Amino acid sequence: MPKNKGKGGKNRKRGKNEADDDKRELVFKEDGQEYAQVLRMLGNGRCEATCIDGTKRLCHIRGKMHKKVWIAAGDIVLVGLRDYQDDKADVILKYMPDEARLLKAYGELPETTRLNEGIAGGLVEEDDAAGDDYIEFEDEDIDKI
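Keep in mind the model is a prediction, meaning the values are calculated, not measured. Residue numbers here run from 1 along each chain, matching the order of that chain's written sequence. The predicted nature of this model means local features are confined to residues of pLDDT at least 70 and side-chain atom pairs, given and counted, to a pLDDT of 80 or more, with totals for whole chains, interfaces and linings taken over all residues. Excluded from the side-chain calculation are hydrogens and water; included are all heavy atoms of the structure.

K.L.:
What's the story with the overall build of the protein chain in this structure? I'm lost.
P.N.:
Going along the chain from the N terminus, every DSSP run of H or I of four or more residues is numbered as a helix, and every run of E of two or more is numbered as a strand. Across its full length, the protein chain holds four helices and five strands. Ordered by position in the sequence, the α and β elements of the protein chain form the string α-β-β-β-β-β-α-α-α. By definition, residues are in contact when any of their heavy atoms lie within 4.5 Å. A separation of at least 24 residues holds for 52% of the contacts in the protein chain among residues at least 6 apart in sequence. Note on areas: Shrake-Rupley with a 1.4 Å probe; residue coverage comes only from the protein chains shown. Total accessible area computed for the protein chain in this model is approximately 11,500 Å², and 48% of it derives from carbon and sulfur atoms.

Structure, rendered in structure tokens:
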């Protein structure tokens, strides 16, 4: 069997961190681009997103972002519109949660847009509702058992 002469395999790729977690300049939309919110992931590098102009489009995640920048439902993304297909678009950039809040503050996103800032708010409400499921027994009930 030949010896591997490359610089590494899967583990080397896994070690690279090309997602820019540090502060980056906020990118605004240009001509032929639109802000969108991801509705659901479809697999095969595709997702369904609702653009700010109200159109639901099938979006393709570009190769530079594929398997490096993880996109989930509810994320705000910048899509490039196609001249020849109005119902399809290409995901150019994913906005971090703090960048999406800034876009909303600057008026780029409408006020009706709901940003997924975290699941913690939903968990607190579920914990309160879970407290109502307990059954209180009195001493008389326990004695009967």
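From this point, the narrative continues.
K.L.:
Whenever I open this one, the pairing of strand β3 (residues 56–61) confuses me. Can you help?
P.N.:
Across a regular strand the side chains alternate sides, sitting on one face of the sheet and then on the other. Each residue gets one of three labels from its accessible area relative to the maximum for its type: buried under 20%, exposed over 50%, partly exposed in between, using a 1.4 Å probe on protein chains only. Every second residue of β3 is oriented toward a common face, the buried set being Arg57, Cys59 and Ile61 and the non-buried set Lys56, Leu58 and His60. At least two bridges found by DSSP between two strands is the condition for calling them paired. Here five bridges tie strand β2 (residues 46–51) to β3, and the two strands are oriented antiparallel to one another. By the bridge assignment, Thr50 is partnered in β3 with Lys56. Here β2 folds back onto β3, and the loop between the two strands holds four residues, one of which, Gly54, carries a positive phi near 100°. Of the pairings in the sheet, the one linking β3 to strand β5 (residues 88–94) comprises four bridges and is parallel in character. By the bridge assignment for β5, His60 is matched with Asp90.

K.L.:
I'm lost on the sheet that holds β5 in this one. Help?
P.N.:
Within a sheet, neighbouring strands are paired by backbone hydrogen bonds and run either parallel or antiparallel to one another. The strand order around the closed barrel built from five strands is β1-β2-β3-β5-β4, with neighbouring strands paired in mixed fashion. Averaged over all pairs of adjacent strands, the angle between their axes in this sheet comes to 50°, without regard to strand direction. Note: strand β4 (residues 76–81) against β5, five bridges, orientation antiparallel. Bridge assignment links Leu78 to a residue of β5, and that residue is Leu93. Axis lines are fitted through C-alpha atoms, for helices just across the contact stretch, and the angle between N-to-C directions can take any value from 0 to 180 degrees.

K.L.:
Could you clarify how one ought to interpret the side chain of Glu99 in this entry?
P.N.:
By the element assignment, Glu99 lies in helix α2 (residues 97–106). Given a relative accessible area of 7%, Glu99 falls into the buried group. A polar side-chain atom of Glu99 sits 2.9 Å from a polar atom in the side chain of Arg24. Here a polar contact is taken to be a pair of N or O atoms separated by no more than 3.5 Å, where protein atoms must pair a possible hydrogen donor with a possible acceptor and residues adjacent in sequence count only if both atoms sit in side chains.

K.L.:
In this structure, what is going on with the packing of aromatic side chains? I would like to understand it.
P.N.:
Any aromatic ring pair is given by two values, namely how distant the centres are and how the planes are angled relative to each other. Within 6.5 Å between ring centres, the rings of Phe, Tyr and Trp (the latter by its six-membered ring) count as paired, and their orientation is classed by plane angle as stacked under 30 degrees, edge-to-face over 60, tilted in between. Applying the stated criterion across every chain, the model contains two aromatic pairs. Ring centres of Tyr35 and Tyr95 lie 6.0 Å apart, and the angle between their planes is 55°; this geometry places the pair in the tilted category. Within this pair, whereas Tyr35 is found in strand β1 (residues 33–43), its partner Tyr95 is found in the loop between β5 and α2, the two being separated by 60 residues in sequence. Owing to a relative accessible area of 3%, Tyr95 belongs among the buried residues under this scheme.

K.L.:
Hey, could you run me through the nonpolar core in this one?
P.N.:
Counting residues in each nonpolar core, the largest one holds 13 residues, and the members touching the most others are Ala36, Cys59, Ile71, Val77, Val79 and Val91. Contributions of two or more residues to this core are made by β1, β2, β3, β4 and β5. Counting residues per element, this core draws most heavily on β2, at three residues. The residues contacting Val77, other than those within four sequence positions of it, are Glu34, Tyr35, Ala36, Val38, Ile71, Val91, Leu93, Lys94 and Tyr95. With 10 residues, the next largest nonpolar core counts Leu26, Tyr35, Leu93 and Leu115 among its residues. Think of a nonpolar core as a cluster: buried Ala, Val, Leu, Ile, Met, Phe, Trp, Tyr and Cys residues, connected wherever their side-chain atoms sit within 4.5 Å.

K.L.:
Looking at this model, I keep getting lost on the pattern of salt bridges. Mind explaining?
P.N.:
Pairing is possible between side chains of opposite charge, provided their charged atoms come close. In the sections that follow, a salt bridge refers to a side-chain nitrogen of Lys or Arg positioned within 4 Å of a carboxyl oxygen of Asp or Glu. Overall, the coordinates contain eight salt bridges when judged by the stated rule. Ionic pairing is found between Glu99 and Arg24, a salt bridge with its closest N-O pair at 2.9 Å. Remark: Arg24 occurs in the loop between α1 (10–15) and β1 and Glu99 occurs in helix α2; sequence separation between them is 75 residues. Judged by its relative accessible area of 27%, Arg24 is partly exposed. Between Arg57 and Asp86 there is a salt bridge, with the nearest N and O atoms lying 3.1 Å from each other.

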